[in-house]
Amino acid sequence: QVQLVESGGGLLQPGGSLRLSCAASGFPFSSYGMSWYRQAPGKEREWVASISNTGGITSYADSVKGRFTISRDNAKNTVYLQMNSLKPEDTAVYYCRSTNGRWGQGTQVTVSS
């Protein structure tokens, strides 16, 4: 089965850090770029970060640039999102997506004092 499974979300205070993981299966992971998106209640899903199939090219939304880092381990079929200096406005469900159009189920990140 083609599958993307996110993990690593949680509840934490502003300024904290989390590392999200997205484990992929059922397709040639190393042939596809990967992205992270997030969606807060009542808001459109927004793009957060992307990484090329080999990991050589990354890009970020302005809102997370300098705080978040996307990476991948093709040997483990996994893409990561390291989230530092978290802010309340980062609160959302975070989703990973492959460039072949597959979405994960999402993982909740809540940043609150």
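*Asks:* I'm lost on the packing of aromatic side chains in this one. Help?
*Replies:* Each aromatic ring pair is summarised here by two numbers: the centre-to-centre distance and the angle between the ring planes. Within the structure shown, the criterion is met by four aromatic pairs. Taken together, a centroid distance of 5.7 Å and an interplanar angle of 75 degrees make the contact between Phe27 and Tyr32 edge-to-face. In this structure, Arg19 packs its charged tip against the face of Tyr80, placed 4.1 Å from the ring centre. Here the basic side chain of Arg45 rests over the ring of Tyr95, its NZ or CZ set 3.7 Å away from the ring centre.

*Asks:* Hey, could you run me through the sheet that holds strand E8 (residues 78-83) in this one?
*Replies:* The strands that make up a sheet pair up through hydrogen bonds in the backbone, lying either parallel or antiparallel. The antiparallel open sheet is built from four strands, whose spatial order is E1-E3-E8-E7. Both outer strands of the open sheet, strand E1 (3-7) and strand E7 (68-73), are each paired with one neighbouring strand and no more. Strand-to-strand twist across the sheet, computed as the mean angle between neighbouring axes with direction ignored, equals 15 degrees.

*Asks:* I'm lost on unusual backbone geometry in this one. Help?
*Replies:* Working note: non-glycine residues mostly have negative phi, and peptide bonds are mostly trans. Of note, the phi angle at Asn77 is positive, near 50 degrees, even though the residue is not glycine. Note on placement: Asn77 falls in the loop between E7 and E8. Phi at Ser85 takes a positive value of approximately 50 degrees, unusual for a residue other than glycine. By secondary structure assignment, the location of Ser85 is in the loop between E8 and strand E9 (92-98). Here Ser85 falls in the partly exposed class, since its relative accessible area comes to 42%.

*Asks:* Is there a simple way to explain the environment of Lys87 in this structure?
*Replies:* Residue position: Lys87 is located in the loop between E8 and E9. Expressed as a C-alpha distance, the spacing of Lys87 and Ala61, which sit 26 residues apart in the sequence, is 15 Å.

*Asks:* Just checking my understanding: could you explain the sheet that holds strand E5 (residues 46-51) for this structure?
*Replies:* Judged by pairing direction, the sheet is mixed, and its six strands sit side by side in the order E2-E10-E9-E4-E5-E6 without closing on themselves. Each having just a single partner strand, strand E2 (10-12) and strand E6 (58-60) make up the two edges of the open sheet. Going across the sheet, the axis of each strand differs from the next one's by a mean of 20 degrees, ignoring polarity. Pairing of E2 with strand E10 (residues 107-111) involves three bridges; the strand directions are parallel. By the bridge assignment, Leu11 is partnered in E10 with Thr110.

So, how was this worked out
- Residues numbered from 1 in each chain as written.
- Predicted model: local features only at pLDDT ≥ 70, side-chain atom pairs only at ≥ 80, totals over all residues.
- Heavy atoms only, no water.
- Phe/Tyr/Trp six-rings, centres within 6.5 Å; stacked < 30°, edge-to-face > 60°.
- Lys NZ or Arg CZ within 6 Å of the ring centre and 35° of its normal.
- Pairing = 2+ DSSP bridges.
- Helix = DSSP H or I, 4+ residues; strand = E, 2+ residues; numbered from the N terminus.
- Axes fitted to C-alpha atoms, helices over the stretch in contact; angles between N-to-C directions.
- Buried < 20%, exposed > 50% of the residue type's maximum accessible area, 1.4 Å probe, protein only.

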